[in-house]
4 protein chains.
Amino acid sequence: MSNKKSAILLIHCKDQPGIVVAITDFIFSHGGNIINLDQHVDTDQQRFFMRVEWELQNFSLPVENIGNEFDIAVATRFGMQRQLHFSSDRPRMAVFVSKLPHCFYDLLSRYEAGEWQVSIPLIISNHNDMSLVAERFNIDYFHVPIDKKNKLDQEKKQLELLEDYKIDFIVLARYMQILSEDFIDRFPQRIINIHHSFLPAFPGGRPYHSAFERGVKIIGATSHYVTADLDAGPIIEQDVVHVSHKDTVVDMVRKGRDLEKVVLARAIWHQLNHNLLVCENRTVVFD
Amino acid sequence: MSNKKSAILLIHCKDQPGIVVAITDFIFSHGGNIINLDQHVDTDQQRFFMRVEWELQNFSLPVENIGNEFDIAVATRFGMQRQLHFSSDRPRMAVFVSKLPHCFYDLLSRYEAGEWQVSIPLIISNHNDMSLVAERFNIDYFHVPIDKKNKLDQEKKQLELLEDYKIDFIVLARYMQILSEDFIDRFPQRIINIHHSFLPAFPGGRPYHSAFERGVKIIGATSHYVTADLDAGPIIEQDVVHVSHKDTVVDMVRKGRDLEKVVLARAIWHQLNHNLLVCENRTVVFD
Amino acid sequence: MSNKKSAILLIHCKDQPGIVVAITDFIFSHGGNIINLDQHVDTDQQRFFMRVEWELQNFSLPVENIGNEFDIAVATRFGMQRQLHFSSDRPRMAVFVSKLPHCFYDLLSRYEAGEWQVSIPLIISNHNDMSLVAERFNIDYFHVPIDKKNKLDQEKKQLELLEDYKIDFIVLARYMQILSEDFIDRFPQRIINIHHSFLPAFPGGRPYHSAFERGVKIIGATSHYVTADLDAGPIIEQDVVHVSHKDTVVDMVRKGRDLEKVVLARAIWHQLNHNLLVCENRTVVFD
Amino acid sequence: MSNKKSAILLIHCKDQPGIVVAITDFIFSHGGNIINLDQHVDTDQQRFFMRVEWELQNFSLPVENIGNEFDIAVATRFGMQRQLHFSSDRPRMAVFVSKLPHCFYDLLSRYEAGEWQVSIPLIISNHNDMSLVAERFNIDYFHVPIDKKNKLDQEKKQLELLEDYKIDFIVLARYMQILSEDFIDRFPQRIINIHHSFLPAFPGGRPYHSAFERGVKIIGATSHYVTADLDAGPIIEQDVVHVSHKDTVVDMVRKGRDLEKVVLARAIWHQLNHNLLVCENRTVVFD
């Protein structure tokens, strides 16, 4: 981390000779000082990934032109997909929640304590339970109840809210509804979910019950991008905790809560720091 | 652990009042000094589990009568299933191996270093690759090749060897053959396998390849008792290690090897210390 | 865990024959059904430890007499130190905090979410920073500023508050003042601190800076009972997280925060569940 | 990992603009295809670190000239300290051992199983206990007993052996002698030790005893480069395992053994893969 204003490029493309020198030459020749460069080649897929960050202090290009100039000088030639971010960005995040408070409280506490460079202007819930908590943190809360009949209409309402509040990405903090494919398509790689198992073990509902029945000695939590396949999107972060025969389902739920909080928070951290690229349903996490 | 000679009772039965006092009174009234007592009630199944260990120094019953006397005084009344072991026991263990050496070497090194109170008189393999290693450790090695046609005959040969060598339990140290149901029935809760994933994720073959494809951030290993359901027997021990997008399948195999060694060794440790009870496909591990 | 009302005995004494049978006979003969029994002998110290829990449903002694009757029948004979608790107890906990919000928020969130059977009527701080947070959670907050001159007077004021609010135990949620020996003596084994290193490495201030300078690959957090020796009291719980050369002190502080929260919360959980005994500066944690 | 022959440059120098582009341009302009590039700036020390690996297949410089040409074109200009390695190298490693066999066996098993690209031609011990094991693995074993009087003479003998066997680096596999400063100076950053605690906690002898007395809930192991300050050299790798009040010193020793094996093996892996740079007593581990 650096306190100075910097630019971050996230790039992937087919692996080919000369990529690194082209990118670093672009930065260097405009007076940028690279402070982080992380590069990865997936040799199976012959795919090149890079995250590079440089200080803007003496950079000769105006911020609003960097993207275009980079495309002309480098990206087009190599067929790159690229994202350009700035360390001064403050993305706008919406939180979806149902009734379980632990991840929700944890996010809002971090937000208020200033752990993250983010704005959280909007909370959406299919229940009213968390409205008082939202009020305490002075965040707008919308109760959008969902049932089988009204789902598409209510999702439309949600999408309008997301647009009104200029939301960049969504966090599902134990949100207990399955989003439609149409909804998900509107936020590709911009919806982060926390699932309470070490996927791919125990997808779907009641994973702690399934873990107990199977007699596992380890339980886990997984944060991932939401895709149309339930609990099968690209995994961002996972962690586990040991359990024993003494742990009932209730104990697993208790121990799992602490995992869920931290695994979701780490995923959001990576999202906010532009550490994440996705390719072929797997993430590259530049850590 | 105690250096003095001791007796170990492993018990399970329907939960009911007075069990603990009956057992401890039996031990105390015959002059035994309890050095470990671990008790667990599965409230879901209303099932009582106990491991109790006491010093035999001043115990008034001869060792060969303890089982009978306990059955008459306590076990029959409560409908208990019980095992009686002695700290002076040295069980006889057979190792089944194929071509991968890491778990095999690890077991034999521990054996020779005296880490375990066990005898390993017999090694069986469907290949000849490990015969020289066995020779170094002065353990009899039998090459019993298996194919689809000869499987039952060859298993018969294996069973004869196991009988000849008076084997108490079997360890599959990355043995790449699936045992028949008949074979397994001959060694209930006495065959320990190591599987190279955190079951129930990625059962069957090539779990590291599946883990890579799914893009998990954690890989694991699982030791379990072998049952007729492939990779679905009671789990004894699990552990995991973090991986990243940089880890190829080859890296996962390398990192996983170290996990497999230690997870299998811990299971054997528990087996040798009579720490394990099984009920409803779950283990109780008195640790 | 059981939903029925139960009693919990925590016992330690010199190891000697007949302890377990005496205790379990006391419980059984009065109609109690044991639901948990965990026993441990420290063979070095020849010391016996036990936690036993039984249902009170059909217990023939009135709750208020159990302690006395147990002392007469069992405890005095064996020279036991014993604590008696009831699952229906709701202890009163005070939180001391300075300026860092992460543990503080985490405790209050868990409290409000009903994770713990506890009352938190009182917050004391040497700063005013957290007063608004306390207000949100409707908990009385007292600003008791401390400097070198006024320390003893201010501790007197704190002790009066703790008495007025009938506080059972104190949690130091990153409270940045060292308590006097007199103060500590008033709450033996009833003050829980969180220290931001894996003690005994890096006691005192700025452990993350020291960890960075030493180039460790793991950082930790430790919850412990406060004693007169700074950061040297009995350890209740520890956990760690891996770091790398990429992690600056700021990154370690960030990663450490998540550890501190969970390690402190686990210690409080054990305190509330009467899982903890202390002997010779070490804890026995009946988990 | 790649199967093709590649070159690896390890570089550190004062951070300054244009380093990355200079290095990558050197590689690219001679027809090299970069397969790994990992770069790190220690912003505190204003120090630049890099590991870069490229395929030699179409590289226009002969292998024996790469170092010189790089120095002329790049290294001298930026005041770099650089190491050049090749994926086809097979370094020569000596093992020092005393009486404890677990790390020793583990190393030799990995060696024989072909896990590492290394030669182990030489074993030196201050005892004779492991000579039979060495014989089994067909490695020359020299018994060089050390006492207070003969230490310098015997170290001279050791140094002669190390020279005769053309040893590149030394692994102390629980070698129980302290090396003299003169000896250490001959192998800077080329002697790897395994210490049985999470340093800086419990340096020196008997760390498991100290851990038990302190009542820690976690024990660890640390692999590090040996420097003149005992147990204070740059840390390469650390890992931990949880313990409880039930674990005696004997149990800690048992659990610790498994840690020591894997933590030492990981350090050797990094050494062999040229992943390690040292600066100011801290390691950079390109993983």
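Keep in mind it's a predicted model, so treat the numbers as computed, not measured.

S.K.: I'd like a rundown of the overall build of chain A, residues and numbers included.
M.R.: Secondary structure summary: chain A contains 8 helices and 13 strands in total. Against the 2.2 N^0.38 benchmark of 19 Å for 287 residues, chain A shows a C-alpha radius of gyration of 21 Å, consistent with a compact globule. Overall, the C-alpha framework of chain A stretches about 60 × 40 × 35 Å when taken along its three principal axes. For chain A, the proportion of its 287 residues judged to be buried stands at 62%. Across chain A, the fraction of contacts at a sequence separation of at least 24, relative to all contacts at a separation of at least 6, is 66%. As displayed, chain A has an accessible area near 11,500 Å², and 47% of this comes from carbon and sulfur atoms. Separation of charge centres in chain A, based on 31 positive and 38 negative side chains, amounts to 5 Å.

S.K.: Tell me about the relation of the copies chain B and chain A, and name the residues and values.
M.R.: Superposing chain B onto chain A takes a rotation of 180° combined with a translation of 0.0 Å along the rotation axis, leaving an RMSD of 0.0 Å. In symmetry terms, the pair is related by a two-fold rotation axis. In terms of C-alpha distance to the rotation axis, chain B has Ala201 of chain B as its closest residue, with the C-alpha 2.4 Å off the axis.

S.K.: Outline the sheet that holds strand E9 (residues 191–195) of chain C, listing residues and values.
M.R.: Residue and element names in this part refer to chain C. A sheet is described by the order of its strands in space; here 7 strands give the open sequence E7-E6-E5-E8-E9-E10-E11, paired in mixed fashion. Every interior strand has two partners, whereas the edge strands, strand E7 (140–143) and strand E11 (235–242), have only one. Geometrically, the sheet is characterised by an average inter-axis angle of 20° between neighbouring strands, direction not taken into account. Sheet analysis places strand E6 (residues 119–125) next to E7, joined by 4 bridges and oriented parallel. Its bridge partner lying in E7, Ile124 is registered against Phe142. Set on the sheet, helix H3 (residues 102–112) makes contact with strand E5 (92–97), E6, strand E8 (169–173) and E9; between it and E6 the angle comes to about 165°.

S.K.: Help me get a handle on the sheet that holds strand E6 (residues 119–125) of chain A, residues and values and all.
M.R.: Residue and element names in this part refer to chain A. The 7 strands are arranged E7-E6-E5-E8-E9-E10-E11 in an open sheet whose pairing can be described as mixed. What marks the edges here is a single partner per strand, and that holds for strand E7 (140–143) and strand E11 (235–242). In this sheet, adjacent strand axes meet at a mean angle of 20° when their direction is disregarded. Relative to strand E9 (residues 191–195), strand E8 (residues 169–173) runs parallel, the two sharing 3 bridges. The residue of E9 that forms the bridge with Ile170 is Ile191.

S.K.: With reference to specific residues and values, describe the side chain of Asp258 of chain C.
M.R.: Relative to the elements of secondary structure, Asp258 of chain C occurs in helix H8 (residues 249–272). Discounting chain neighbours no more than four positions away, the residues touching Asp258 of chain C are Arg110 and Val262 of chain A.

S.K.: I'd like to hear about the interface of chain C and chain B, residue by residue, with values.
M.R.: Interfaces are often sized by the amount of accessible area the parts lose when they come together. Between chain C and chain B, the contact holds 18 residues from the first and 18 residues from the second. Between chain C and chain B, a total of about 1,400 Å² is buried, with carbon and sulfur atoms accounting for 57% of that surface. Counting across the chain C and chain B interface gives 0 salt bridges. For the pair chain C and chain B, the number of links is 2 residue pairs in polar contact (both at pLDDT 80 or more). At the level of secondary structure, the elements contributing two or more residues to the side of chain C that touches chain B comprise helix H1 (19–29) and strand E2 (33–42) of chain C. Residues belonging to the side of chain C that touches chain B are distributed by class as follows: 8 nonpolar, 6 polar and 4 charged.

S.K.: Explain the nonpolar core to me, using residue names and the numbers behind them.
M.R.: Core analysis: the largest hydrophobic core is formed by 212 residues, its most contacted members being Met93 of chain A, Met93 of chain B, Met93 of chain C together with Met93 of chain D. With residues up to four places along the chain from it excluded, the contact list for Met93 of chain D reads Leu107, Trp116, Val118, Ser119, Ile120, Pro121, Leu122, Ile167, Phe169, Val171 and Ile268 of chain D. Listed in part, the 56 residues of the second largest apolar core include Trp54 of chain B together with Phe26, Met80 and Leu84 of chain C.

S.K.: Which residues make up the interface of chain B and chain A, and what are the values?
M.R.: Across the contact, 33 residues belong to chain B and 34 residues belong to chain A. Summed over both partners, the interface of chain B with chain A comes to about 2,800 Å²; 58% of that surface belongs to carbon and sulfur atoms. For chain B, the biggest contributors to the area lost against chain A are Arg214, Lys217 and His245 of chain B; these three give 25% of the whole. Between the two partners, chain B and chain A, sit 14 residue pairs in polar contact (both at pLDDT 80 or more). Looking at the side of chain B that touches chain A, the elements with two or more residues in it are strand E2 (33–42), helix H7 (207–214), strand E11 (235–242) and strand E13 (282–285) of chain B. Looking at the side of chain B that touches chain A element by element, the count peaks at 7 residues for E11 of chain B. For the side of chain B that touches chain A, the class distribution of residues is 15 nonpolar, 8 polar and 10 charged.

S.K.: Talk me through the domain arrangement of chain A; I want residue IDs and the actual numbers.
M.R.: Residue and element names in this part refer to chain A. By the assigned domains, chain A splits into domain 1 (6–86) and domain 2 (92–285). The straight-line distance from the C-alpha centre of domain 1 to that of domain 2 is 31 Å. In this complex, domain 1 contributes 14 residues to the contact, which on the side of domain 2 involves 10 residues. With both sides pooled, the region where domain 1 packs onto domain 2 buries about 930 Å², and carbon together with sulfur makes up 63% of that total. Put simply, domain 1 and domain 2 have 1 salt bridge between them.

S.K.: Requested: an account of a negative patch on the surface, with residues and values cited.
M.R.: Residues Glu181, Asp182, Asp185 and Asp229 of chain A make up a contiguous surface patch of negative charge. Of note, Glu181 of chain A is situated in helix H6 (residues 181–186).

Parameters and conventions
- Residues numbered from 1 in each chain as written.
- Chains lettered and ligands numbered in written order.
- Predicted model: local features only at pLDDT ≥ 70, side-chain atom pairs only at ≥ 80, totals over all residues.
- Heavy atoms only, no water.
- Helix = DSSP H or I, 4+ residues; strand = E, 2+ residues; numbered from the N terminus.
- Rg over C-alpha atoms; globule rule 2.2 N^0.38 Å.
- Buried < 20%, exposed > 50% of the residue type's maximum accessible area, 1.4 Å probe, protein only.
- Contact = heavy atoms within 4.5 Å.
- Areas by Shrake-Rupley, 256 points an atom, 1.4 Å probe, with all protein chains shown as cover.
- Lys, Arg positive; Asp, Glu negative; His and termini not counted.
- Charge placed at Lys NZ, Arg CZ, Asp CG, Glu CD.
- Least-squares fit on C-alpha atoms with pLDDT ≥ 70 in both.
- Pairing = 2+ DSSP bridges.
- Axes fitted to C-alpha atoms, helices over the stretch in contact; angles between N-to-C directions.
- Buried area = accessible area lost by both parts, 1.4 Å probe.
- Salt bridge = Lys/Arg side-chain N within 4 Å of Asp/Glu carboxyl O.
- Polar contact = N/O pair within 3.5 Å; in protein donor to acceptor, adjacent residues only side chain to side chain.
- Nonpolar A, V, L, I, M, F, W, Y, C, P; charged D, E, K, R; others polar.
- Core = buried A, V, L, I, M, F, W, Y, C linked by side-chain atoms within 4.5 Å.
- Domains from an automatic or database assignment.
- Patch = residues over 30% accessible without salt bridge, like charges linked within 9 Å, V, L, I, M, F, W, Y side chains within 5 Å.

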